[in-house]
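Structure assessment
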Number of protein chains: 2
Amino acid sequence: MRAVDVASTRDRLLAAARSVVEEHGYGGASVAAISVAAGVANGTLYRHFGSKAELFVEVFRDVCGREVDAMRAAVEQVGQDGRPDPVERVLAPLDVFARRALQNRTLAWALLAEPVDALVDEVRLEYRRTYRDLLVGLLADAVDAGALPPQDAGLTAAALVGAVGEALVGPVSPRAEPASGTDDSLLSGLRDVCRRATGAPPRGPDRLPQGDGDRR
Amino acid sequence: MRAVDVASTRDRLLAAARSVVEEHGYGGASVAAISVAAGVANGTLYRHFGSKAELFVEVFRDVCGREVDAMRAAVEQVGQDGRPDPVERVLAPLDVFARRALQNRTLAWALLAEPVDALVDEVRLEYRRTYRDLLVGLLADAVDAGALPPQDAGLTAAALVGAVGEALVGPVSPRAEPASGTDDSLLSGLRDVCRRATGAPPRGPDRLPQGDGDRR
(Lines give C-alpha, C1' and ligand atoms only; values in the text may rest on other atoms or scores of the structure.)
Protein backbone atom coordinates (compact mmCIF):
# COMPACT_ATOMS: atom_id res chain seq x y z
CA MET A 1 0.00 0.00 0.00
CA ARG A 2 1.18 3.48 -0.75
CA ALA A 3 1.32 6.00 2.11
CA VAL A 4 -1.57 7.94 0.65
CA ASP A 5 -3.79 4.82 0.65
CA VAL A 6 -2.89 4.06 4.25
CA ALA A 7 -3.85 7.59 5.25
CA SER A 8 -7.09 7.58 3.33
CA THR A 9 -8.16 4.14 4.60
CA ARG A 10 -7.42 5.26 8.15
CA ASP A 11 -9.42 8.45 7.64
CA ARG A 12 -12.28 6.48 6.12
CA LEU A 13 -12.34 4.15 9.10
CA LEU A 14 -12.37 7.13 11.48
CA ALA A 15 -15.18 8.88 9.61
CA ALA A 16 -17.16 5.63 9.41
CA ALA A 17 -16.70 4.91 13.12
CA ARG A 18 -17.76 8.43 13.98
CA SER A 19 -20.91 8.15 11.97
CA VAL A 20 -21.81 4.69 13.34
CA VAL A 21 -21.23 5.87 16.94
CA GLU A 22 -23.28 8.99 16.23
CA GLU A 23 -26.18 6.86 15.08
CA HIS A 24 -25.95 3.81 17.34
CA GLY A 25 -23.54 4.59 20.17
CA TYR A 26 -20.50 2.48 20.99
CA GLY A 27 -22.82 -0.43 21.70
CA GLY A 28 -23.88 -0.53 18.05
CA ALA A 29 -20.42 0.17 16.67
CA SER A 30 -19.21 -3.36 15.97
CA VAL A 31 -16.12 -3.93 13.86
CA ALA A 32 -18.43 -5.34 11.19
CA ALA A 33 -20.69 -2.24 11.18
CA ILE A 34 -17.70 0.10 11.00
CA SER A 35 -16.06 -1.92 8.23
CA VAL A 36 -19.24 -1.93 6.15
CA ALA A 37 -19.64 1.82 6.60
CA ALA A 38 -16.00 2.38 5.61
CA GLY A 39 -16.23 -0.05 2.70
CA VAL A 40 -13.28 -2.15 3.87
CA ALA A 41 -12.80 -5.78 4.92
CA ASN A 42 -13.30 -6.67 8.59
CA GLY A 43 -9.61 -7.24 9.31
CA THR A 44 -8.54 -3.89 7.84
CA LEU A 45 -9.37 -2.01 11.04
CA TYR A 46 -6.61 -3.85 12.90
CA ARG A 47 -4.00 -2.77 10.36
CA HIS A 48 -4.68 0.86 11.31
CA PHE A 49 -5.69 0.71 14.97
CA GLY A 50 -4.44 -1.48 17.81
CA SER A 51 -7.99 -2.31 18.83
CA LYS A 52 -11.57 -1.11 18.47
CA ALA A 53 -11.11 0.77 21.76
CA GLU A 54 -8.16 2.67 20.27
CA LEU A 55 -10.31 3.64 17.29
CA PHE A 56 -13.03 4.80 19.71
CA VAL A 57 -10.47 6.96 21.51
CA GLU A 58 -9.62 8.72 18.24
CA VAL A 59 -13.30 9.22 17.44
CA PHE A 60 -13.77 10.62 20.95
CA ARG A 61 -10.88 13.07 20.59
CA ASP A 62 -12.14 14.19 17.20
CA VAL A 63 -15.69 14.81 18.44
CA CYS A 64 -14.62 16.50 21.69
CA GLY A 65 -12.19 18.69 19.80
CA ARG A 66 -15.17 20.01 17.84
CA GLU A 67 -17.10 20.62 21.07
CA VAL A 68 -14.21 22.64 22.48
CA ASP A 69 -14.08 24.67 19.24
CA ALA A 70 -17.83 25.33 19.44
CA MET A 71 -17.53 26.35 23.10
CA ARG A 72 -14.65 28.73 22.34
CA ALA A 73 -16.60 30.21 19.41
CA ALA A 74 -19.61 30.75 21.70
CA VAL A 75 -17.43 32.74 24.11
CA GLU A 76 -16.16 34.91 21.26
CA GLN A 77 -19.74 35.53 20.10
CA VAL A 78 -20.72 37.10 23.44
CA GLY A 79 -20.85 40.85 23.19
CA GLN A 80 -19.92 41.01 19.50
CA ASP A 81 -22.30 43.94 19.29
CA GLY A 82 -21.21 45.73 22.42
CA ARG A 83 -19.48 45.31 25.74
CA PRO A 84 -19.25 41.59 26.59
CA ASP A 85 -21.05 40.62 29.82
CA PRO A 86 -18.48 38.61 31.84
CA VAL A 87 -21.16 36.32 33.32
CA GLU A 88 -22.57 35.61 29.87
CA ARG A 89 -19.07 34.63 28.79
CA VAL A 90 -19.05 31.95 31.51
CA LEU A 91 -22.51 30.64 30.61
CA ALA A 92 -22.22 30.70 26.81
CA PRO A 93 -19.94 27.66 26.40
CA LEU A 94 -22.06 25.61 28.83
CA ASP A 95 -25.17 26.58 26.96
CA VAL A 96 -23.74 25.64 23.59
CA PHE A 97 -22.47 22.31 24.93
CA ALA A 98 -25.92 21.46 26.32
CA ARG A 99 -27.72 22.60 23.18
CA ARG A 100 -25.49 20.50 20.93
CA ALA A 101 -25.88 17.49 23.21
CA LEU A 102 -29.68 17.64 22.97
CA GLN A 103 -29.47 17.95 19.20
CA ASN A 104 -27.37 14.82 18.94
CA ARG A 105 -28.36 12.65 21.88
CA THR A 106 -26.82 9.36 20.88
CA LEU A 107 -23.45 10.97 20.32
CA ALA A 108 -23.80 12.98 23.53
CA TRP A 109 -24.56 9.78 25.45
CA ALA A 110 -21.42 8.22 23.93
CA LEU A 111 -19.35 11.24 24.97
CA LEU A 112 -20.78 11.74 28.44
CA ALA A 113 -21.59 8.41 29.95
CA GLU A 114 -22.06 5.36 27.75
CA PRO A 115 -20.26 2.51 29.48
CA VAL A 116 -17.61 1.35 27.07
CA ASP A 117 -13.92 0.89 27.82
CA ALA A 118 -11.34 2.13 30.31
CA LEU A 119 -9.33 3.72 27.49
CA VAL A 120 -12.31 5.89 26.54
CA ASP A 121 -12.89 6.74 30.22
CA GLU A 122 -9.31 8.08 30.38
CA VAL A 123 -10.02 10.45 27.50
CA ARG A 124 -13.35 11.45 29.06
CA LEU A 125 -11.46 12.62 32.15
CA GLU A 126 -8.95 14.47 30.00
CA TYR A 127 -11.69 16.38 28.16
CA ARG A 128 -13.55 17.23 31.34
CA ARG A 129 -10.33 18.88 32.51
CA THR A 130 -10.15 20.76 29.19
CA TYR A 131 -13.72 22.04 29.64
CA ARG A 132 -12.90 23.03 33.21
CA ASP A 133 -9.75 24.89 32.17
CA LEU A 134 -11.75 26.82 29.58
CA LEU A 135 -14.18 27.96 32.31
CA VAL A 136 -11.55 28.80 34.93
CA GLY A 137 -10.23 31.76 32.97
CA LEU A 138 -13.71 33.06 32.20
CA LEU A 139 -14.75 32.80 35.85
CA ALA A 140 -11.59 34.53 37.02
CA ASP A 141 -12.23 37.35 34.52
CA ALA A 142 -15.80 37.76 35.81
CA VAL A 143 -14.57 37.87 39.43
CA ASP A 144 -11.90 40.44 38.48
CA ALA A 145 -14.58 42.53 36.76
CA GLY A 146 -16.67 42.51 39.96
CA ALA A 147 -19.50 40.66 38.20
CA LEU A 148 -19.11 37.60 40.44
CA PRO A 149 -18.22 37.28 44.12
CA PRO A 150 -14.69 36.10 45.01
CA GLN A 151 -14.47 32.32 44.75
CA ASP A 152 -12.16 29.42 43.95
CA ALA A 153 -12.57 29.57 40.17
CA GLY A 154 -11.13 26.06 39.69
CA LEU A 155 -13.67 24.58 42.07
CA THR A 156 -16.63 26.40 40.52
CA ALA A 157 -15.44 25.50 37.02
CA ALA A 158 -15.27 21.79 37.88
CA ALA A 159 -18.68 21.99 39.56
CA LEU A 160 -20.21 23.60 36.45
CA VAL A 161 -18.75 20.96 34.14
CA GLY A 162 -20.11 18.24 36.41
CA ALA A 163 -23.49 19.92 36.81
CA VAL A 164 -24.08 20.27 33.06
CA GLY A 165 -22.80 16.77 32.28
CA GLU A 166 -24.93 15.09 34.93
CA ALA A 167 -28.06 17.09 34.12
CA LEU A 168 -27.76 15.90 30.52
CA VAL A 169 -26.99 12.25 31.22
CA GLY A 170 -30.63 11.46 32.02
CA PRO A 171 -32.16 13.20 29.01
CA VAL A 172 -29.67 11.81 26.45
CA SER A 173 -29.65 8.29 27.84
CA PRO A 174 -31.26 5.69 25.57
CA ARG A 175 -33.26 4.64 28.63
CA ALA A 176 -34.37 8.22 29.32
CA GLU A 177 -37.64 8.53 31.14
CA PRO A 178 -40.17 10.65 29.26
CA ALA A 179 -39.01 14.25 29.65
CA SER A 180 -40.94 16.40 32.10
CA GLY A 181 -40.50 19.44 29.84
CA THR A 182 -39.23 20.57 26.47
CA ASP A 183 -35.59 20.90 25.47
CA ASP A 184 -35.99 24.67 25.81
CA SER A 185 -37.20 24.41 29.38
CA LEU A 186 -34.32 22.05 30.19
CA LEU A 187 -31.78 24.45 28.66
CA SER A 188 -33.26 27.41 30.43
CA GLY A 189 -33.43 25.56 33.78
CA LEU A 190 -29.84 24.42 33.40
CA ARG A 191 -28.74 27.94 32.60
CA ASP A 192 -30.47 29.15 35.77
CA VAL A 193 -28.75 26.53 37.95
CA CYS A 194 -25.35 27.35 36.42
CA ARG A 195 -25.90 31.07 36.75
CA ARG A 196 -26.85 30.69 40.40
CA ALA A 197 -23.87 28.41 41.06
CA THR A 198 -21.47 31.12 39.89
CA GLY A 199 -22.93 33.50 42.46
CA ALA A 200 -24.17 35.96 39.83
CA PRO A 201 -26.86 38.26 41.23
CA PRO A 202 -30.20 36.53 40.74
CA ARG A 203 -32.75 38.13 38.52
CA GLY A 204 -36.46 37.79 37.97
CA PRO A 205 -38.36 34.85 39.44
CA ASP A 206 -35.11 33.31 40.66
CA ARG A 207 -34.92 35.76 43.44
CA LEU A 208 -36.32 35.14 46.89
CA PRO A 209 -37.61 38.07 48.89
CA GLN A 210 -34.86 39.06 51.33
CA GLY A 211 -37.07 40.81 53.85
CA ASP A 212 -34.58 43.61 54.44
CA GLY A 213 -35.64 46.38 52.14
CA ASP A 214 -34.81 44.36 49.06
CA ARG A 215 -38.33 44.65 47.64
CA ARG A 216 -39.24 47.85 45.93
CA MET B 1 -18.04 -27.74 49.77
CA ARG B 2 -20.84 -27.13 52.23
CA ALA B 3 -23.13 -24.14 51.59
CA VAL B 4 -21.71 -22.32 54.60
CA ASP B 5 -18.16 -22.63 53.23
CA VAL B 6 -19.27 -21.28 49.86
CA ALA B 7 -20.89 -18.30 51.52
CA SER B 8 -17.94 -17.57 53.75
CA THR B 9 -15.38 -17.88 50.92
CA ARG B 10 -17.50 -15.54 48.81
CA ASP B 11 -17.73 -13.05 51.67
CA ARG B 12 -13.99 -13.29 52.28
CA LEU B 13 -13.30 -12.57 48.62
CA LEU B 14 -15.64 -9.56 48.72
CA ALA B 15 -14.08 -8.17 51.89
CA ALA B 16 -10.59 -8.77 50.51
CA ALA B 17 -11.42 -7.08 47.19
CA ARG B 18 -12.93 -4.14 49.01
CA SER B 19 -9.85 -3.66 51.11
CA VAL B 20 -7.44 -4.01 48.16
CA VAL B 21 -9.49 -1.51 46.09
CA GLU B 22 -9.61 0.84 49.07
CA GLU B 23 -5.84 0.77 49.31
CA HIS B 24 -4.73 0.50 45.69
CA GLY B 25 -7.75 1.23 43.47
CA TYR B 26 -9.01 -1.15 40.78
CA GLY B 27 -5.67 -0.78 39.03
CA GLY B 28 -3.91 -2.48 41.94
CA ALA B 29 -6.62 -5.05 42.54
CA SER B 30 -5.25 -7.98 40.57
CA VAL B 31 -6.75 -11.43 41.01
CA ALA B 32 -3.48 -12.42 42.70
CA ALA B 33 -3.62 -9.51 45.17
CA ILE B 34 -7.26 -10.23 46.03
CA SER B 35 -6.61 -13.95 46.41
CA VAL B 36 -3.66 -13.37 48.74
CA ALA B 37 -5.72 -10.96 50.85
CA ALA B 38 -8.59 -13.47 51.03
CA GLY B 39 -6.23 -16.36 51.73
CA VAL B 40 -7.51 -18.46 48.82
CA ALA B 41 -5.98 -19.92 45.66
CA ASN B 42 -5.97 -17.76 42.50
CA GLY B 43 -8.62 -19.81 40.69
CA THR B 44 -11.07 -19.70 43.63
CA LEU B 45 -12.36 -16.25 42.62
CA TYR B 46 -13.82 -17.67 39.41
CA ARG B 47 -15.83 -20.28 41.32
CA HIS B 48 -17.73 -17.44 43.05
CA PHE B 49 -17.76 -14.62 40.48
CA GLY B 50 -18.09 -14.73 36.69
CA SER B 51 -15.14 -12.37 36.31
CA LYS B 52 -13.04 -9.86 38.21
CA ALA B 53 -15.33 -7.13 36.82
CA GLU B 54 -18.35 -8.87 38.38
CA LEU B 55 -16.56 -8.96 41.73
CA PHE B 56 -15.77 -5.23 41.32
CA VAL B 57 -19.46 -4.56 40.69
CA GLU B 58 -20.36 -6.21 44.00
CA VAL B 59 -17.65 -4.26 45.83
CA PHE B 60 -19.00 -1.09 44.21
CA ARG B 61 -22.58 -1.80 45.30
CA ASP B 62 -21.44 -2.59 48.81
CA VAL B 63 -19.41 0.61 49.16
CA CYS B 64 -22.04 2.85 47.54
CA GLY B 65 -24.74 1.32 49.72
CA ARG B 66 -22.76 2.55 52.74
CA GLU B 67 -22.46 6.02 51.18
CA VAL B 68 -26.22 6.19 50.68
CA ASP B 69 -26.73 5.12 54.31
CA ALA B 70 -24.32 7.83 55.51
CA MET B 71 -26.07 10.42 53.37
CA ARG B 72 -29.50 9.43 54.70
CA ALA B 73 -28.18 9.53 58.27
CA ALA B 74 -26.78 13.03 57.65
CA VAL B 75 -30.22 14.23 56.56
CA GLU B 76 -31.77 12.78 59.73
CA GLN B 77 -29.13 14.52 61.84
CA VAL B 78 -30.14 17.97 60.60
CA GLY B 79 -32.21 19.79 63.17
CA GLN B 80 -32.10 17.00 65.74
CA ASP B 81 -31.98 19.77 68.32
CA GLY B 82 -34.66 21.99 66.84
CA ARG B 83 -36.56 22.82 63.70
CA PRO B 84 -34.72 21.32 60.69
CA ASP B 85 -33.58 23.92 58.13
CA PRO B 86 -34.84 22.63 54.74
CA VAL B 87 -31.80 23.99 52.87
CA GLU B 88 -29.44 22.32 55.35
CA ARG B 89 -31.27 19.06 54.68
CA VAL B 90 -30.34 19.39 50.99
CA LEU B 91 -26.71 20.26 51.70
CA ALA B 92 -26.02 17.74 54.48
CA PRO B 93 -25.84 14.58 52.31
CA LEU B 94 -23.60 16.33 49.76
CA ASP B 95 -21.35 17.51 52.53
CA VAL B 96 -21.04 14.08 54.09
CA PHE B 97 -20.35 12.49 50.70
CA ALA B 98 -17.56 14.98 50.00
CA ARG B 99 -16.10 14.67 53.49
CA ARG B 100 -15.97 10.88 53.30
CA ALA B 101 -14.43 11.03 49.82
CA LEU B 102 -11.57 13.22 51.04
CA GLN B 103 -10.99 10.90 53.99
CA ASN B 104 -10.65 7.91 51.70
CA ARG B 105 -9.31 9.23 48.43
CA THR B 106 -8.27 6.03 46.72
CA LEU B 107 -11.68 4.48 47.31
CA ALA B 108 -13.40 7.71 46.27
CA TRP B 109 -11.39 7.72 43.04
CA ALA B 110 -12.46 4.13 42.41
CA LEU B 111 -16.10 5.07 43.00
CA LEU B 112 -16.16 8.33 41.10
CA ALA B 113 -13.94 8.09 38.10
CA GLU B 114 -11.21 5.43 37.96
CA PRO B 115 -11.31 4.01 34.45
CA VAL B 116 -12.03 0.34 34.86
CA ASP B 117 -14.77 -1.62 33.09
CA ALA B 118 -18.09 -0.99 31.35
CA LEU B 119 -19.86 -3.15 33.96
CA VAL B 120 -18.65 -0.88 36.76
CA ASP B 121 -19.63 2.20 34.70
CA GLU B 122 -23.19 0.83 34.54
CA VAL B 123 -23.37 0.66 38.33
CA ARG B 124 -21.80 4.12 38.60
CA LEU B 125 -24.71 5.50 36.57
CA GLU B 126 -27.19 3.60 38.71
CA TYR B 127 -25.80 5.05 41.94
CA ARG B 128 -25.68 8.57 40.58
CA ARG B 129 -29.41 8.21 39.93
CA THR B 130 -29.86 6.99 43.52
CA TYR B 131 -28.01 10.04 44.87
CA ARG B 132 -30.10 12.28 42.64
CA ASP B 133 -33.36 10.69 43.79
CA LEU B 134 -32.36 11.25 47.42
CA LEU B 135 -31.87 14.97 46.70
CA VAL B 136 -35.03 15.45 44.62
CA GLY B 137 -37.33 14.94 47.59
CA LEU B 138 -35.26 17.19 49.84
CA LEU B 139 -35.21 19.96 47.22
CA ALA B 140 -38.95 19.68 46.65
CA ASP B 141 -39.51 19.92 50.44
CA ALA B 142 -37.36 23.06 50.60
CA VAL B 143 -39.25 24.64 47.69
CA ASP B 144 -42.59 23.75 49.34
CA ALA B 145 -41.37 25.34 52.57
CA GLY B 146 -40.57 28.56 50.70
CA ALA B 147 -36.87 28.23 51.56
CA LEU B 148 -35.89 27.85 47.90
CA PRO B 149 -37.28 29.44 44.74
CA PRO B 150 -39.49 27.30 42.47
CA GLN B 151 -37.33 25.08 40.27
CA ASP B 152 -37.16 21.75 38.47
CA ALA B 153 -36.00 19.71 41.46
CA GLY B 154 -34.88 16.78 39.30
CA LEU B 155 -32.64 19.04 37.24
CA THR B 156 -31.11 20.76 40.25
CA ALA B 157 -30.61 17.41 41.98
CA ALA B 158 -28.72 15.99 38.99
CA ALA B 159 -26.66 19.17 38.72
CA LEU B 160 -25.69 18.96 42.41
CA VAL B 161 -24.65 15.31 42.11
CA GLY B 162 -22.55 16.18 39.07
CA ALA B 163 -21.08 19.28 40.67
CA VAL B 164 -19.90 17.48 43.80
CA GLY B 165 -18.60 14.47 41.88
CA GLU B 166 -16.62 16.54 39.39
CA ALA B 167 -15.24 18.91 42.02
CA LEU B 168 -13.87 15.89 43.88
CA VAL B 169 -12.43 14.03 40.88
CA GLY B 170 -9.40 16.30 40.70
CA PRO B 171 -8.52 16.23 44.42
CA VAL B 172 -8.96 12.45 44.83
CA SER B 173 -7.19 11.52 41.59
CA PRO B 174 -3.84 9.77 42.07
CA ARG B 175 -2.46 12.34 39.66
CA ALA B 176 -3.90 15.22 41.66
CA GLU B 177 -2.06 18.48 41.31
CA PRO B 178 -0.91 19.90 44.66
CA ALA B 179 -4.05 21.25 46.33
CA SER B 180 -4.47 25.02 46.31
CA GLY B 181 -6.09 24.87 49.75
CA THR B 182 -6.92 22.59 52.65
CA ASP B 183 -9.63 19.95 52.68
CA ASP B 184 -11.66 22.30 54.87
CA SER B 185 -11.46 25.11 52.36
CA LEU B 186 -12.46 22.72 49.58
CA LEU B 187 -15.44 21.45 51.58
CA SER B 188 -16.53 24.93 52.47
CA GLY B 189 -16.12 26.19 48.89
CA LEU B 190 -18.07 23.23 47.56
CA ARG B 191 -20.82 23.85 50.08
CA ASP B 192 -21.01 27.48 48.91
CA VAL B 193 -21.30 26.48 45.24
CA CYS B 194 -24.00 23.91 46.02
CA ARG B 195 -25.91 26.30 48.23
CA ARG B 196 -25.84 28.96 45.54
CA ALA B 197 -26.91 26.43 42.88
CA THR B 198 -30.09 25.64 44.85
CA GLY B 199 -31.02 29.32 44.79
CA ALA B 200 -30.88 29.67 48.57
CA PRO B 201 -30.53 33.30 49.62
CA PRO B 202 -26.81 34.11 49.74
CA ARG B 203 -25.27 35.06 53.02
CA GLY B 204 -22.09 36.77 54.10
CA PRO B 205 -19.26 37.34 51.65
CA ASP B 206 -21.13 35.42 48.95
CA ARG B 207 -23.44 38.28 48.41
CA LEU B 208 -22.85 40.94 45.80
CA PRO B 209 -24.11 44.46 46.46
CA GLN B 210 -27.37 44.84 44.53
CA GLY B 211 -27.34 48.62 44.31
CA ASP B 212 -31.08 48.89 44.86
CA GLY B 213 -31.50 49.48 48.56
CA ASP B 214 -30.18 46.05 49.42
CA ARG B 215 -27.31 47.39 51.50
CA ARG B 216 -28.07 48.53 54.99
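In this text the structure is predicted, and so the values were computed from the model without any measurement.

Among the eight residues in helix H6 (residues 105–112) of chain A, six count as buried, and that is most of the element. Among the residues of H6 of chain A, Leu107, Ala108, Trp109, Ala110, Leu111 and Leu112 of chain A are the ones counted as buried.

Quick look at the environment of Pro149 of chain B now. Looking at the secondary structure, you find Pro149 of chain B in the loop between helix H7 (118–144) and helix H8 (153–172). When the C-alpha positions of Pro149 of chain B and Ala32 of chain B are compared, they lie 54 Å apart, and in sequence the two are 117 residues distant.

The subject of this paragraph is the packing of aromatic side chains. Residue and element names in this part refer to chain A. In this structure the tally under the stated criterion is eight aromatic pairs over all chains. Here the aromatic rings of Phe60 and Tyr127 are separated by 6.3 Å at their centres, their planes lie at 55°, and the arrangement is tilted. Residue Phe60 is located in helix H4 (residues 52–77), and its partner Tyr127 is located in helix H7 (residues 118–144); the two are separated by 67 residues in the primary sequence. On the basis of relative accessibility, which here comes to 1%, the residue Phe60 falls in the buried class. By way of ring pairs, the aromatic residues Phe60, Phe97, Tyr127 and Tyr131 are connected into one cluster.

On to the interface of chain A and chain B. Taken together, the contact between chain A and chain B spans 48 residues of the former and 47 residues of the latter. Carbon and sulfur atoms make up 57% of the surface buried where chain A meets chain B, a total of about 3,800 Å² over both sides. For the interface between chain A and chain B, the tally reads four salt bridges. The residue Glu122 of chain B makes a salt bridge to Arg175 of chain A at a minimum N-O spacing of 3.8 Å.

About the cut-offs
- Residues numbered from 1 in each chain as written.
- Chains lettered and ligands numbered in written order.
- Predicted model: local features only at pLDDT ≥ 70, side-chain atom pairs only at ≥ 80, totals over all residues.
- Heavy atoms only, no water.
- Buried < 20%, exposed > 50% of the residue type's maximum accessible area, 1.4 Å probe, protein only.
- Helix = DSSP H or I, 4+ residues; strand = E, 2+ residues; numbered from the N terminus.
- Phe/Tyr/Trp six-rings, centres within 6.5 Å; stacked < 30°, edge-to-face > 60°.
- Contact = heavy atoms within 4.5 Å.
- Buried area = accessible area lost by both parts, 1.4 Å probe.
- Salt bridge = Lys/Arg side-chain N within 4 Å of Asp/Glu carboxyl O.

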